[in-house]
Amino acid sequence: MASVLERIQTPHDFRHFTIPQLEQLAQELRETILRTTARSGGHVGASLGAVELTLALHYVYDTPTDKVVFDIGHQAYAHKLITGRREQFATIRQLGGLSGFLKRRESPFDAWEGGHAGTSLSGALGMAAARDLQRASYQVAAVIGDGALTAGMAWEALNQLGHLKTRMVVVVNDNSMSIAPNVGAVSRYLTELRTAPGYVRVKQEVEALLDSVPVFGGPLKRTVERIKDAVHHAVIPGNVFEELGFKYYGPIDGHDLDSLIPVLRSAREFDGPVVLHVITQKGKGYRPAEERPVQFHGPGPFEISSGQMIKKSGPPSYSQVFSETLVEAARERRDIVAITAAMPDGTKLDYFQSQFPDRYFDVGIAEQHAATFAAGLAMAGLRPVFAVYSTFLQRAYDQVIHDVCHHNLPVVFAVDRAGLVGGDGATHQGVYDIAFLRTVPNMEIAMGKDEQELRQLIRASLDRPGPVAVRYPRGAGRGLSLEEPLPDVPWGRGEWIHQGRDLTLVAIGPMVYVAMEVRDRLAADGYEVGVVNARFIKPLDVNLLAEVAGSTQAFMTLEEHALAGGFGSAIAEWVDDAGIGIPIRREGLPDVFIDHGPTDYYLDMYGLSAEALARKAVSWIQELSSSVKP
Ligand SMILES: Cc1ncc(C[n+]2csc(CCOP(=O)(O)OP(=O)(O)O)c2C)c(N)n1
């Protein structure tokens, strides 16, 4: 059969299609998504699950004039393929290629862009409110997953939407999965709605019947209203969405275009806010993804025929080392509890869960709540460890300040994916946390140079009297033996690895190894370059730094973090405040959002590879010596 997809440049090209033609298009979209993600990885499950929903939305809505806002944007591969990006689709998540999320600069059909969960409703409501003020007439729909609907922000938007009562459709794409199975009362509630399919029909039938009863005002009218209300509550105890002021349609089979399209049409026409509850299956149409939705949420390359991951074997990841260390500690101490915000797999806390199910909490996509919940646990005498990606900790900033640090509570933030993250790109880079955490009183911040030091720092952080952030990068460690006993490193101490008269590289995290490589390169040319593994960003090991400053001409700081407010800034502030008077240069990431692509590529581009740093170090050493007066 001739390809339909190849003829689609924009949704305009299929708005006249019959349902069988749309079904063929859906099939081709699935095949294309699978072919591409099998080669380069990506968000397979969510995108396969949203194919029909995406087609129905573009079929019914006059995009891009109407605004369709996708939450996170990881489910929008079909959307990309039917909005002019089919030919570039094979480049998704790769350097210079399409983003794995939505990007306004890629297409006018990308009404919104993000990467963090729960922002779609607020963004869409902003557009709807602007439309009303500007007396425009476009329609707005937002697509939010049941996982993202556990985010507090989503409910803040529903609160306002139910109040403003403007025209907007909230499509709840319910596949009962976050990355892991969705948890919590909201998820349970959606399941209740989902498993009461008679609800809508029965309710509508009874209401229609009562509406047909002639009512002669006053008391009889009130009685009829009361009966309606009773029917409503008898079939299912209340519908939260209706009680918040929405018209609720659902549950609808999100893979059945025959039902989706007419319901979407009437939702679009409704003069007020609508919640359209759509049931989909994550990974739909590809058996391995349907059966293993967690693994197929965001896999690397895989073999299509077997569904096997094509994994390069390598040393354990930092996340794994963190989790194993925490489990070891938790066997010795009953006060340790672990928290994740919907990332049991990514943070590897699933291992902790298997060992201590009662001491493990998945709070949903609710980082703000997680931080304050941790504060409560700590206030009541426990030792909470909140494992969270650096990028998602951004959302809990006020809670970190106001609820944890202000009370000086012993909460450990295990800050995963600290540094560049690769394929997820700009919205997910973990390069701001040093800057936003180090300004907060009582907070201590540490980062080891490798997985051995991560183990040591996690163990030590559990004995601190106040809040601690222990950072570690994405990906595999260096493959050091984890059987060896941990070195006893006093808290707050850096490590002076090499002395060097000409220049000393003061580095944090795995950049220490880059510093050592730079030193070796320059040693071959006769330069004496020192290396310090700072380990602590706050408080800085100022005694060590003062000693090092006495033995070297200058400091060069190295970090895989934004230069603005980062580790180097902390050292420069100290150099200035303490009147040390040593020249200092800071190497790190510039003040721009860094797109998706290999970490090594960006490190090189921003002059943080060993080669680039060696060049800069030599030219600076030469500058310093030429400015020395004879
Ligand atoms: C604030 C925030 N925390 C965590 C994540 C990581 N994350 C990406 S997708 C996802 C699950 C989303 O579930 P849902 O909204 O139901 O969409 P689905 O993938 O099931 O289609 C999570 C937790 C995120 N993107 N943003």
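The following paragraphs examine the structure supplied in this document.

What counts, and at which threshold
- Residues numbered from 1 in each chain as written.
- Predicted model: local features only at pLDDT ≥ 70, side-chain atom pairs only at ≥ 80, totals over all residues.
- Heavy atoms only, no water.
- Buried < 20%, exposed > 50% of the residue type's maximum accessible area, 1.4 Å probe, protein only.
- Helix = DSSP H or I, 4+ residues; strand = E, 2+ residues; numbered from the N terminus.
- Pairing = 2+ DSSP bridges.
- Right-handed = clockwise from strand over helix to strand, strands pointing away.
- Core = buried A, V, L, I, M, F, W, Y, C linked by side-chain atoms within 4.5 Å.
- Contact = heavy atoms within 4.5 Å.
- Salt bridge = Lys/Arg side-chain N within 4 Å of Asp/Glu carboxyl O.
- Expected span 1.5 Å × (residues − 1).
- Arc of directions from axis to C-beta.
- Phe/Tyr/Trp six-rings, centres within 6.5 Å; stacked < 30°, edge-to-face > 60°.
- Lys NZ or Arg CZ within 6 Å of the ring centre and 35° of its normal.
- Axes fitted to C-alpha atoms, helices over the stretch in contact; angles between N-to-C directions.
- Near = heavy atom within 4 Å.
- Polar contact = N/O pair within 3.5 Å; in protein donor to acceptor, adjacent residues only side chain to side chain.
- Nonpolar A, V, L, I, M, F, W, Y, C, P; charged D, E, K, R; others polar.

### Comments concerning the pairing of strand β3 (residues 168–174)
Part 1 of the argument: Here β3 lies mainly inside the structure; seven of its seven residues are buried.
Part 2 of the argument: Two elements, strand β2 (residues 140–145) and β3, share five bridges in a ladder whose sense is parallel. Across the sheet, residue A142 finds its bridge partner in β3, namely V170.
Part 3 of the argument: Note on the crossover from β2 through helix α6 (residues 152–164) to β3: the handedness is right-handed.
Part 4 of the argument: In this structure, β3 lies alongside strand β5 (residues 273–279), joined through seven bridges in parallel fashion. Across the sheet, N173 pairs through a bridge with V278, a residue of β5.

### Things to note about the nonpolar core
Part 1 of the argument: Judged by nonpolar contacts, the single largest core of 52 residues is most densely connected at F14, L29, L57 and L276.
Part 2 of the argument: In this structure, L57 is in contact with V68, A141, V143, V171 and L264, ignoring residues within four places of it in sequence.

### Here's the deal with the pattern of salt bridges
Part 1 of the argument: In total, this model carries 31 salt bridges according to the counting rule given.
Part 2 of the argument: Here E587 ties to K616 by a salt bridge, and the two come within 2.6 Å at their closest N and O atoms. Here E587 is found in strand β17 (residues 584–589), whereas its partner K616 is found in helix α24 (residues 610–627), with 29 residues between them in sequence.
Part 3 of the argument: Three or more residues are tied together by salt bridges with common partners; here these are K80, R85, E106 and D110.

### Comments concerning α6
Part 1 of the argument: If you check α6, its first and last C-alpha atoms are 19 Å apart, about what 13 residues at 1.5 Å a residue would give, namely 18 Å.
Part 2 of the argument: Of all the positions in α6, only A154, A157, L158, L161 and G162 are classed as buried. Each buried residue of α6 lies within a common arc of 135 degrees when the element is viewed along its axis, so the set occupies one face. Facing away from the buried side of α6 by over 90 degrees, the exposed positions are E156, N159 and H163.
Part 3 of the argument: Each element contacted by the buried residues of α6 is listed here: α5 (120–133), β2, β3, α10 (240–243) and β5.
Part 4 of the argument: A positive phi of about 55 degrees marks K165, the residue just after α6.

### As for the packing of aromatic side chains
Part 1 of the argument: Within this structure, the stated rule accounts for 17 aromatic pairs.
Part 2 of the argument: Measuring from ring centre to ring centre gives 6.1 Å for F241 and Y248, while their planes differ by 0 degrees; the resulting arrangement is stacked.
Part 3 of the argument: Judged by its relative accessible area of 2%, F241 is buried.
Part 4 of the argument: Geometrically, the ring pair formed by Y286 and F302 is tilted, given 6.0 Å between the ring centres and 35 degrees between the ring planes. With a gap of 16 residues between them, Y286 in the loop between β5 and α12 (287–291) and F302 in the loop between α12 and α13 (318–332) connect regions that are remote in the sequence. Exposure class is identical for Y286 and F302. Each is buried.
Part 5 of the argument: Put simply, the rings of W155, F241 and Y248 pair up and form one aromatic cluster.
Part 6 of the argument: When the ring centre of Y61 is taken as origin, the NZ or CZ atom of R268, which lies over that ring, is 5.6 Å away.
Part 7 of the argument: Of note, R478 hangs over the ring of Y513, and the distance from its end group to the ring centre comes to 3.5 Å.

### Side note on the sheet that holds β17
Part 1 of the argument: Read across the open sheet, the five strands follow the order β12-β14-β13-β16-β17; overall the sheet is mixed. Looking along the sheet, the strands with just one partner apiece sit at the ends: β12 (495–498) and β17. Between one strand axis and the next, the sheet turns through 25 degrees on average, direction left out of account.
Part 2 of the argument: One ladder, built from four bridges, connects strand β13 (residues 503–507) with strand β16 (residues 555–562); its direction is parallel. By the bridge assignment, A507 is partnered in β16 with L558.
Part 3 of the argument: Set on the sheet, helix α21 (residues 542–549) makes contact with β12, β13, β14 (529–533) and β16; between it and β12 the angle comes to about 30 degrees.

### Quick word on the site of the ligand
Part 1 of the argument: By nearness alone, 22 residues border the ligand, and H74, A117, G147, K282 and E367 come closest of all.
Part 2 of the argument: Between a nitrogen atom of the ligand and a main-chain N or O atom of G115, the distance comes to 2.9 Å.
Part 3 of the argument: Interatomic distance of 2.7 Å between a backbone N/O atom of G147 and an oxygen atom of the ligand.
Part 4 of the argument: When grouped by side-chain class, the residues that make up the shell around the ligand number ten nonpolar, eight polar and four charged.

### Focus on unusual backbone geometry
Generally, phi is negative for residues other than glycine and the peptide bonds are trans, each holding for most cases.
Part 1 of the argument: The linkage connecting T63 with the following residue, P64, adopts the cis geometry, with an omega of 5 degrees.
Part 2 of the argument: Looking along the chain, the bond that leaves G250 and enters P251 is cis, with omega of -10 degrees.
Part 3 of the argument: Relative to the helices and strands, P251 is located in strand β4 (residues 247–253).
Part 4 of the argument: Look at R135: it is not a glycine, yet its phi comes out positive at around 55 degrees.
Part 5 of the argument: Looking at the secondary structure, you find R135 in the loop between α5 and β2.
Part 6 of the argument: Its relative accessible area of 76% is what places R135 among the exposed residues.

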